[in-house]
Amino acid sequence: MKKFMDENFLLTNETARSLYHDVAKDLPIIDYHCHLSPQEIYENKSYRTITEVWLYGDHYKWRVMRANGVDERCVTGDASDYDKFMAYARALPSAIGNPLYHWSHLELQRYFGITDIINEKNAPAIWENVNAQLAEGGFGARDLITKSKVKVICTTDDPTDSLEYHLKLKEDASFETKVLPSFRPDKGLELNREGFTAWVEKLSQVSGQAVDSYDGFLSALEARVRFFHEVGGRVSDHALDYVPYAEATKEEAAAIFQKALNGQKVSHEDEMKYKTYTLVFLGKLYAELGWAMQYHMNASRNNNPRMFEKLGPDTGFDSMNDSAISIPLCRLLAALEQDNHLPKTILYSLNPTQNHTIAALVGSFQGGGIPGKIQFGSAWWFNDTKEGMIAQMKALADIGLLGRFVGMLTDSRSFLSYTRHEYFRRILCSLIGEWVENGEFPDDRELLGRIVQDISYDNAKAYFGF
Ligand SMILES: O=C[C@H](O)[C@@H](O)[C@@H](O)[C@H](O)C(=O)O
């Protein structure tokens, strides 16, 4: 029997062990999509308790606690940090087979040198141990990033953000990791959602442009894209909970925008027309600037209205959507490809039944001399599991070029999540090792090492141009 999570954790064969230990293990990280706070990075936020650094903001862990019957008071409420931590420690043994079981142990092992198997009995000692280490210092946000060998972080930012902390970080030579903004204009696309008109008003203020017409709106958005570019942004990100496609003239899109600006709801067809026109406009701009555009598709968000009312979005009440994406997505990309304005694009679907659909679809839009220009993005959110990552990589290998994959991102709100890259790299090495040991790929260590290094780091570096 293998030992629990030792140095050969998840490395199921000899080739995998050598690829991981000799190549992947010590490579730096490019975190091209996450939800970390630039302010916390700038201020090198420190933590007093394990709960603060480990559980606050981590909605994956909150779901496990709720599923274990923990009262919301002990999840996001006013219970003490100790009680919250104990509630998680009590829940964890039931998370057998869930990546959180592994991530949680990896986080304690790699950052705090704790190799105990977490349970209710030893949790009080772990609480004392981690809190004492935190008090000694060296566990601030920046310290954790540096320890994790992260070269670049792309945060997720609203177009109306002043990017104050990105600008400050740019000036701060004492911190070597690049922290760059990503342009996420969802609030400007979701014209039927509450807050749309207020957001447009804010956009007008920050861009210093009047936004009383669709032309003004597009021009203000463009100004913000260019501002993000100046600050170092090279990536955009869109949450397309369903993929819209409905052709529209500019006049039609403008009339729909005006209607929403007057506080009226627009029909689903009009919403799609507006989104299509605006997405194509933005896509062309990203292409001009050489950015990579990310589409995060098919999330079903905020499924629990009562909890949404109480806690807001991204608090652990989301799931997968099953809208068809193939036709609208092809049309959307084709509208950009038409005049050669398709930017580098990364496509993620939260619905893993669409793995092969996306892997095949990306192949229809490759070209223009950029290796892996259209990417099938890494297994996202509920798919960010051992089986989910293997399924995504196998689908990509089946139909496309796994060797050009830009690999893992963190997508997290926690500074301890960098162990997810280790998890991914172990699984990658194992998968490749199995093919080699099965005689399906030659045992050429130089070539294999190259492929592992590319997927773990070099491809992302070249793709984003960091
Ligand atoms: O991994 C899960 C996430 O952090 C999730 O909350 C985000 O991916 C978010 O939905 C987004 O749209 O960017």
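Up top is the structure these notes are about.
Described in the following lines is the structure provided in the data block. Being a predicted model, the structure only gives us computed values, none of them experimental.

1. What about the overall build of the protein?
The number of helices and strands found in the protein is 20 helices and ten strands. Here the C-alpha atoms of the protein give a radius of gyration of 23 Å, agreeing with the 23 Å that 2.2 N^0.38 yields for 466 residues. Dimensions of the protein along its principal axes, counting C-alpha atoms only, are 65 × 55 × 45 Å. Sorting the 466 residues of the protein into buried and exposed places 57% on the buried side. Within the protein, residue pairs in contact and separated by at least 24 positions form 78% of the contacts whose partners lie at least 6 positions apart. Counting only carbon and sulfur atoms, one obtains 49% of the accessible surface of the protein, whose full area is about 19,400 Å². Mean positive and mean negative side-chain charge positions of the protein (50 and 64 charges, respectively) differ by 1 Å.

2. A look at the site of the ligand
As a matter of local geometry, the ligand sits amid His-33, His-35, His-59, Tyr-60, Arg-184, Arg-301, Asp-314, Trp-380, Trp-381, Asp-411 and Arg-413. Taking His-35, its side chain carries an N or O atom lying 2.9 Å from an oxygen atom of the ligand. For the ligand, an oxygen atom lies 3.2 Å from a polar atom in the side chain of Trp-380. By residue class, the composition of the shell around the ligand is three nonpolar, three polar and five charged.

3. Structural notes on the packing of aromatic side chains
Scanning all chains against the criterion turns up 31 aromatic pairs. Here the aromatic rings of Phe-183 and Phe-228 are separated by 5.1 Å at their centres, their planes lie at 90 degrees, and the arrangement is edge-to-face. Of the two residues, Phe-183 sits in strand S4 (residues 182-183) while Phe-228 sits in helix H12 (residues 214-231), which places them 45 residues apart along the sequence. Taking relative accessible area as the criterion, Phe-183 reaches 0% and is therefore assigned buried. Ring pairs connect the aromatic residues Phe-196, Tyr-214, Phe-217, Phe-257, Tyr-274 and Tyr-277, which therefore count as one cluster. Of note, Lys-147 hangs over the ring of Phe-139, and the distance from its end group to the ring centre comes to 3.9 Å.

4. Quick notes on the pattern of salt bridges
A full pass over the atoms with the stated rule returns 29 salt bridges. Where Asp-58 meets Lys-61, a salt bridge forms, and the shortest distance between an N and an O atom there is 3.4 Å. The pair formed by Asp-58 and Lys-61 is uniform in burial state, with each residue classed as buried. For Asp-237, the salt bridge is made with Arg-184, and the minimal N-O distance between the two is 2.7 Å. One end of the pair, Asp-237, is in strand S5 (residues 235-240); the other, Arg-184, is in the loop between S4 and helix H10 (186-189), with 53 residues separating them in the sequence. Considered together, Asp-237 and Arg-184 belong to a single accessibility category, that of buried residues. Taken together, the shared-partner salt bridges in this structure form one network comprising Glu-190, Arg-193, Asp-241, Glu-271, Lys-275 and Arg-301.

5. Focus: the sheet that holds strand S2 (residues 150-154)
Across the sheet, which stays open at both edges, the three strands sit in the order S1-S2-S3 with parallel pairing between neighbours. Both edges of this open sheet fall to strand S1 (29-31) and strand S3 (178-180), since each of them pairs with a single strand only. In this sheet, neighbouring strand axes are inclined to one another by 10 degrees on average, regardless of whether the strands run parallel or antiparallel. Across three bridges, S2 lies against S3 in parallel orientation. Residue pairing in the sheet places Val-152 in a bridge with Lys-178 of S3.

6. Structural notes on the sheet that holds strand S6 (residues 292-297)
Here five strands make up an open sheet; going across it, the order is S4-S5-S6-S9-S10 and the pairing parallel. Every other strand in the sheet has two partners, leaving S4 and strand S10 (374-376) as the edge strands with one partner each. Looking at chain direction, S4 and S5 are connected through two bridges and run parallel. Bridge pairing links Ser-182 to Val-235 in S5. Where helix H20 (residues 445-464) meets the sheet, it contacts S5, S6, strand S9 (344-349) and S10, and its direction lies at approximately 125 degrees from that of S9.

What counts as what
- Residues numbered from 1 in each chain as written.
- Predicted model: local features only at pLDDT ≥ 70, side-chain atom pairs only at ≥ 80, totals over all residues.
- Heavy atoms only, no water.
- Helix = DSSP H or I, 4+ residues; strand = E, 2+ residues; numbered from the N terminus.
- Rg over C-alpha atoms; globule rule 2.2 N^0.38 Å.
- Buried < 20%, exposed > 50% of the residue type's maximum accessible area, 1.4 Å probe, protein only.
- Contact = heavy atoms within 4.5 Å.
- Areas by Shrake-Rupley, 256 points an atom, 1.4 Å probe, with all protein chains shown as cover.
- Lys, Arg positive; Asp, Glu negative; His and termini not counted.
- Charge placed at Lys NZ, Arg CZ, Asp CG, Glu CD.
- Near = heavy atom within 4 Å.
- Polar contact = N/O pair within 3.5 Å; in protein donor to acceptor, adjacent residues only side chain to side chain.
- Nonpolar A, V, L, I, M, F, W, Y, C, P; charged D, E, K, R; others polar.
- Phe/Tyr/Trp six-rings, centres within 6.5 Å; stacked < 30°, edge-to-face > 60°.
- Lys NZ or Arg CZ within 6 Å of the ring centre and 35° of its normal.
- Salt bridge = Lys/Arg side-chain N within 4 Å of Asp/Glu carboxyl O.
- Pairing = 2+ DSSP bridges.
- Axes fitted to C-alpha atoms, helices over the stretch in contact; angles between N-to-C directions.

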